[in-house]
Each structure stands twice: as C-alpha cells, then as structure tokens.
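Here is how the chains run, residue by residue.
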Amino acid sequence: MSGQPQRVSRFSRSAIKVSFEFSPPKTPAMEAGLWEAMARLVPLQPQFISVTYGAGGSTRERTHQTVERLAREESVLPAAHLTCVGAPRDEVDAIVRSYKEAGVRAIVALRGDPPGGAGAAYQPHPQGYQTTAELVASIKAIGGFDVFVSAYPEKHPESLSLNADIEVLRRKVEAGADKAITQFFFENDVYFRYLDKVRAKGIDIPIIPGIVPVQNFRQTANFATRAGASVPQWLADRSTGSTTIQRRAA
C-alpha cells in the first residue's frame, strides 16, 4: 500500500453519508416500484430523499403527493424540489406553506428549466420570482425549512463563466441557503477544484457532491451534455466491452 493514494471509501472510519433523488412516479406501476425501492433504501438511513420537478413544473402535483406521503409514512427526511418557473409568487408560497403543514422540513429551491426543457429560453413568470435567490429568501421568511440550492462545478450551461456562476451561488447563500447540491460530475478533481474556488469567495455552506449511477452510458452522456457536465475519455472507453477487457488484461 506504500505510496498508493488511499480511497476515502476504504479507509475512512466515518460512515459515508448519502441521499437519494427520485422523479415522481408517472403511473401506478411506477408508484409501486418507488415505494418498493423506499422499503429497501430507508433502512440504510440516508440523510434525506429528494423528489424532483419536471421542466416548467410539469410534475408539480405528483411531486407534492410523493413528498407528503414520505413525510407521513417514512422515517427519512424528505426534501421537496421547488421551482419558481411558470407560477406566480402567491402560488409558490402556498405550496411552501402546504409542505410546512405536512411536516416537510427541507426544500431544494431551484429556478427550474423552462417548459421547453434545458436549452430553451427562460422567461420568468410576470408575477413570479425572478431568481432562485428571491425564492430562497421567501422560503426562509416563511420559516421552518432547511433550504438546499444547486451548484455547478463546471458552471451552469447558461452562465457566461464559472466565476459568474459562483456569484449566483453567493447570492443564494446571502438569501439564506443552508446547503448546496452540485450537478453530477465524473472526476473528483472537478469537485475539489470547484470547492477551492467557492471557499476562496467566502462561501462556507456545505457543498454536497452530486453523483449519477451510469446504467446506460449513451443516455447518461446525452444528459451530461445538456447539463454542462464533461464526460472523461476513460469513461467513454469503458462503455465498450473490448476496451474494458483490454484494460483488465493489462
């Protein structure tokens, strides 16, 4: 082992803390599958389980129903994704209050993708929140929530630069954000370089690394392209059986 880098997963005495993110189920069969998965995952004691929104808030009702059931029936902390796209402030605030009444105590506050999906032009609702920082401030004013926000180690696809994107994160923190969850990445150095830059700007909230399980490489690579996450060549090479076999034999 001398001279070899040690992997935290093998040598840390602290248990690795994870959370899981789900999309709300679209059909009764998918809903049954979700709760079967919960039965297996909850005993692992994740820090929280979050439930996403679709583009333009398209899964809003299903997200609410799933999160509220988690709060009622499971011991794990549910975190509800909430976007400010496509809705007036009063409607968004009513959702926040309904979560509070249901016992939800964590919200992932996001601007949200436009109805046309990632890459389409974003247009704030005329009576809505214009930025995520405004949404965060409103949630904190209602009170009773830990607020998570997004962070982008390789910058948001719409940002002009990484520094500009970190400035957006700083404004969200100033508005009251408690923690940030990063866009997924494939190289640890991407995360650690980003963390150094964030800390240098005086941002000291926890920055939780986002990880995506690669079950279908092509699908994941397409998702990464839309999300602005780089795919390293070694991962692309491993997506072919011949390359994997050659490396194993080496």
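Each remark here, short or long, concerns the structure printed above.
Here's a quick rundown of the structure. (Residues numbered from 1 in each chain as written. Predicted model: local features only at pLDDT ≥ 70, side-chain atom pairs only at ≥ 80, totals over all residues. Heavy atoms only, no water.)

Two side chains of opposite charge can pair, provided their charged atoms sit close to one another. Scanning the model with the defined rule gives eight salt bridges in all. A salt bridge links Glu-31 to Arg-69; its shortest N-O distance comes to 3.7 Å. Linking Glu-31 in helix H2 (residues 28–41) with Arg-69 in helix H3 (residues 60–73), this pair joins segments that are 38 residues apart in sequence. Taking the relative accessible area as the measure of exposure, Glu-31 reaches 34% and is therefore partly exposed. On the accessibility criterion, Arg-69 (24% relative accessible area) is partly exposed. Arg-111 is the partner of Glu-158 in a salt bridge, and the nearest nitrogen-oxygen pair spans 3.0 Å. Taken together, the residues span a long stretch of sequence, with Glu-158 in the loop between strand E5 (146–151) and helix H6 (162–174) and Arg-111 in the loop between strand E4 (106–110) and helix H5 (132–142) at a distance of 47 residues. Among the residues examined, Glu-158 registers a relative accessible area of 41% and is labelled partly exposed. Each member of the salt-bridge network shares a partner with another, and the members are Glu-167, Arg-170, Arg-171 and Glu-174. (Salt bridge = Lys/Arg side-chain N within 4 Å of Asp/Glu carboxyl O. Helix = DSSP H or I, 4+ residues; strand = E, 2+ residues; numbered from the N terminus. Buried < 20%, exposed > 50% of the residue type's maximum accessible area, 1.4 Å probe, protein only.)

Empty pockets left among the atoms are what a rolling probe the size of a water molecule brings to light. Evaluated as defined, the whole model comprises one cavity of 30 Å³ or more. Together, Tyr-152, Pro-153, Glu-154, Lys-155, Gln-183, Phe-184, Gly-228 and Ala-229 line the largest cavity. Partitioning the lining of the largest cavity into residue classes produces four nonpolar, two polar and two charged. (1 Å grid on protein atoms, 1.4 Å probe; cavity = no way out; pocket = protein on both sides within 12 Å on 5 of 7 lines; lining within 4 Å. Points joined across faces, edges and corners; volume = space filled by probe spheres on them. Nonpolar A, V, L, I, M, F, W, Y, C, P; charged D, E, K, R; others polar.)

Between the first and last C-alpha of helix H4 (residues 89–102) there are 20 Å, a value that for 14 residues agrees with the 20 Å anticipated at 1.5 Å per step. Along H4, the residues classified as buried are Val-92, Asp-93, Ile-95, Val-96 and Tyr-99. End-on view of H4: buried residues confined to an arc of 155°, all on one side of the axis. Exposed positions of H4 whose direction lies more than 90 degrees from the buried face are Asp-90 and Glu-101. For H4, the secondary structure elements touched by its buried residues are H3, strand E3 (78–83), E4 and H5. Immediately downstream of H4, the backbone of Gly-103 shows phi near 95°, a positive value. (Expected span 1.5 Å × (residues − 1). Arc of directions from axis to C-beta. Contact = heavy atoms within 4.5 Å.)

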